[in-house]
Amino acid sequence: MSSLRSRQQKRRTTRAPGIWRGGDGTGSTDHPVVEHGVRNQFGVSARLVSGLIVVTLLILLMVFFVTDYFYVRNITVVGTNYLDEAEVFRYADIAEMHVFWIDPGVVRESIFQADVVADVRIEIGWPPDMVRIIIEEREPALVWVQGGVSFLIDLQGRRLRVLTEDESHPELIWIMTDGSVEGLPAFDKAIPIDAVNGALQLQLLLAGIQQLRYHPIKGLGFREPGGWDAWFGVGVDMPNKLVVYETLRDNLNDRGVTPVEINVAHLEAVYYCESAESCYE
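Here goes a summary of the coordinates provided. Because the structure is a prediction, the values reported are computed rather than measured.

1. Some words on a nonpolar patch on the surface
And step 1. Together, V49, I53 and L57 make up an exposed nonpolar region whose accessible area comes to about 250 Å².
And step 2. Mapped onto the elements, I53 comes out in helix α2 (residues 46-65).

2. Let's talk about the nonpolar core
Generally speaking, soluble globular proteins have nonpolar side chains that are buried together.
And step 1. Residues L142, W144, I175, L212, F232 and Y245 are the most contacted members of the largest nonpolar core, which totals 30 residues.
And step 2. Of all the secondary structure elements, the ones that give two or more residues to this core are β4 (140-146), β5 (149-154), β7 (173-177), α5 (193-205), β8 (211-215), β9 (219-223), β10 (229-233) and α6 (238-254).
And step 3. Tallying contributions element by element places α6 first for this core, with 5 residues.
And step 4. With 29 residues, the next largest nonpolar core counts V99, I102, A114 and W174 among its residues.

3. Focus on the pattern of salt bridges
And step 1. Within the structure shown, the criterion is met by 12 salt bridges.
And step 2. Between D119 and R108 there is a salt bridge, with the nearest N and O atoms lying 2.8 Å from each other. Linking D119 in strand β2 (residues 117-124) with R108 in helix α4 (residues 104-111), this pair joins segments that are 11 residues apart in sequence.
And step 3. The class of D119 is partly exposed, set by a relative accessible area of 32%.
And step 4. With a shortest N-O distance of 2.3 Å, D229 and R223 are connected by a salt bridge.
And step 5. D229 gets classed as buried once you look at its relative accessible area, which sits at 13%.
And step 6. Salt bridges sharing common partners tie together R121, E123, D129 and R132.

4. Let's talk about the packing of helix α3 (residues 85-92) against α4
And step 1. Two elements in contact, α3 and α4, have axes separated by 8 Å at closest approach and are oriented at 120 degrees. Considered as vectors, α3 and α4 are oriented oblique to each other. When you trace α3 past α4, the crossing you get is right-handed. Between α3 and α4, the residues in contact are V88, Y91 and A92 and V107, S110 and I111, respectively.
And step 2. For the contact of α3 with α4, the per-class residue count stands at 5 nonpolar, 1 polar and no charged.

5. A short note on the environment of W228
And step 1. Structurally, the position occupied by W228 is in the loop between β9 and β10.
And step 2. Taking the C-alpha atoms as reference, W228 lies 9.4 Å from E274; in sequence the two are 46 residues apart.
And step 3. Excluding anything up to four places from it in sequence, W228 contacts F222, R223, Y245, R249, N253, T258, P259, V260, E261 and I262.
And step 4. At 3.0 Å, the side chain of W228 forms a polar contact with the side chain of Y245.

Thresholds applied
- Residues numbered from 1 in each chain as written.
- Predicted model: local features only at pLDDT ≥ 70, side-chain atom pairs only at ≥ 80, totals over all residues.
- Heavy atoms only, no water.
- Patch = residues over 30% accessible without salt bridge, like charges linked within 9 Å, V, L, I, M, F, W, Y side chains within 5 Å.
- Areas by Shrake-Rupley, 256 points an atom, 1.4 Å probe, with all protein chains shown as cover.
- Salt bridge = Lys/Arg side-chain N within 4 Å of Asp/Glu carboxyl O.
- Helix = DSSP H or I, 4+ residues; strand = E, 2+ residues; numbered from the N terminus.
- Core = buried A, V, L, I, M, F, W, Y, C linked by side-chain atoms within 4.5 Å.
- Buried < 20%, exposed > 50% of the residue type's maximum accessible area, 1.4 Å probe, protein only.
- Axes fitted to C-alpha atoms, helices over the stretch in contact; angles between N-to-C directions.
- Parallel < 35°, antiparallel > 145°, perpendicular 65-115°, else oblique.
- Left-handed = near helix turned anticlockwise from the far one by under 90°.
- Contact = heavy atoms within 4.5 Å.
- Nonpolar A, V, L, I, M, F, W, Y, C, P; charged D, E, K, R; others polar.
- Polar contact = N/O pair within 3.5 Å; in protein donor to acceptor, adjacent residues only side chain to side chain.

Here it is in structure tokens:
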């Protein structure tokens, strides 16, 4: 009986636990022991680093949105000859806008409201040069004067803008119109492109000429030093018209005839008038 009890007690002392907790039974484990608050090799707490990052981000947000540094109060404009910076800023419509909210596509379309603009590129950066606008302007071909107002006109006949009083543009041909004559293009309409092309041809053919006249029916012309009007119509046939005109002019001079008008606007219907009354019969 006593031997039976001793064997039972021996089995109890050597019995393994019912739940295995890993390891080899000696109490060792492969899981690392987590130690809280351990500092890195520089002796800085991880919590302190995290706190510094949060504070830095908050400061940056305050700089971005609370201070005035990122609100647009001026711009940089490149490539303009006829538009000034104030005009471009007005067209852009971004005054006092935060730079983060600027949509370059919207600004681009707004600047295209200026007729003189052919192309535009918007660059967004950091202060102080936050908004940079690069503009390609339409090149003026001539100056059109109508109703006492002078316009810059491009090759397509579009009115680019009104000239100021101190602008002369001697390199461009000036086209003068009589505001009392009916049939002139409205102020918000383009100039006939045939008139633009014809004026540029005459500028090349008639060296030194700086001014032409325009009539809705007779086209382009000028006043000769001899006192008569020469009319050439419009279009790109000015070389042939000029030859016909000079031939007729010389023939009249040889005959001693001083006309008041020579009209070669239509080569199939060339005529001259010896008096103002005969031109309107």
